[in-house]
Amino acid sequence: MAPLVEVAARAEDGRLGDQRFLGRVVWPLIEGCCLVHDSAHDGHGLPFPDVPIDARFRFTHVGACLKDT
């Protein structure tokens, strides 16, 4: 994986380079052998299990970056 990251780091510039790397390089390698819970993209993986979520955070997703206001 390290050589792939090094090549991508040199080629990618700017914001979201990490996400482009994951989509272009990592996802094709793992797509058929991973369990995905995705409530944001229909047709990808299995529905995310229902879990109690504080009403203040219903607008977002697991892994989102939140700032205190």
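Shown above is the structure to which this text applies.
Residues numbered from 1 in each chain as written. Predicted model: local features only at pLDDT ≥ 70, side-chain atom pairs only at ≥ 80, totals over all residues. Heavy atoms only, no water.

> I keep staring at the overall build of the protein chain and nothing clicks. Help me out?
Secondary structure summary: the protein chain contains two helices and zero strands in total. Looking at the protein chain as a whole, 6% of its 69 residues qualify as buried. Carbon and sulfur atoms make up 59% of the accessible area of the protein chain, which totals about 6,300 Å². (Helix = DSSP H or I, 4+ residues; strand = E, 2+ residues; numbered from the N terminus. Buried < 20%, exposed > 50% of the residue type's maximum accessible area, 1.4 Å probe, protein only. Areas by Shrake-Rupley, 256 points an atom, 1.4 Å probe, with all protein chains shown as cover.)

> It is not clear to me how the environment of Glu-31 should be interpreted in this structure. Could you clarify?
Here Glu-31 is to be found in the segment after helix H2 (17-30). For Glu-31, a relative accessible area of 47% puts it in the partly exposed group. Each C-alpha atom, one on Glu-31 and one on Gly-45, is 9.7 Å from the other, the two residues being 14 residues apart in sequence.

> Would you explain the packing of helix H1 (residues 2-11) against H2 in this entry?
When two helices pack together, their arrangement is given by the angle between their axes and by how far apart the axes lie. As a packed pair, H1 and H2 sit with axes 11 Å apart at the nearest point and diverge in direction by 160°. Relative to H2, the element H1 lies roughly antiparallel. Where H1 crosses over H2, the handedness of that crossing is right-handed. Residues Leu-4, Val-5 and Ala-8 of H1 lie in contact with H2, whose contacting residues are Phe-21, Val-25 and Leu-29. For the contact of H1 with H2, a count of residues per class yields six nonpolar, no polar and no charged. (Axes fitted to C-alpha atoms, helices over the stretch in contact; angles between N-to-C directions. Parallel < 35°, antiparallel > 145°, perpendicular 65-115°, else oblique. Left-handed = near helix turned anticlockwise from the far one by under 90°. Contact = heavy atoms within 4.5 Å. Nonpolar A, V, L, I, M, F, W, Y, C, P; charged D, E, K, R; others polar.)

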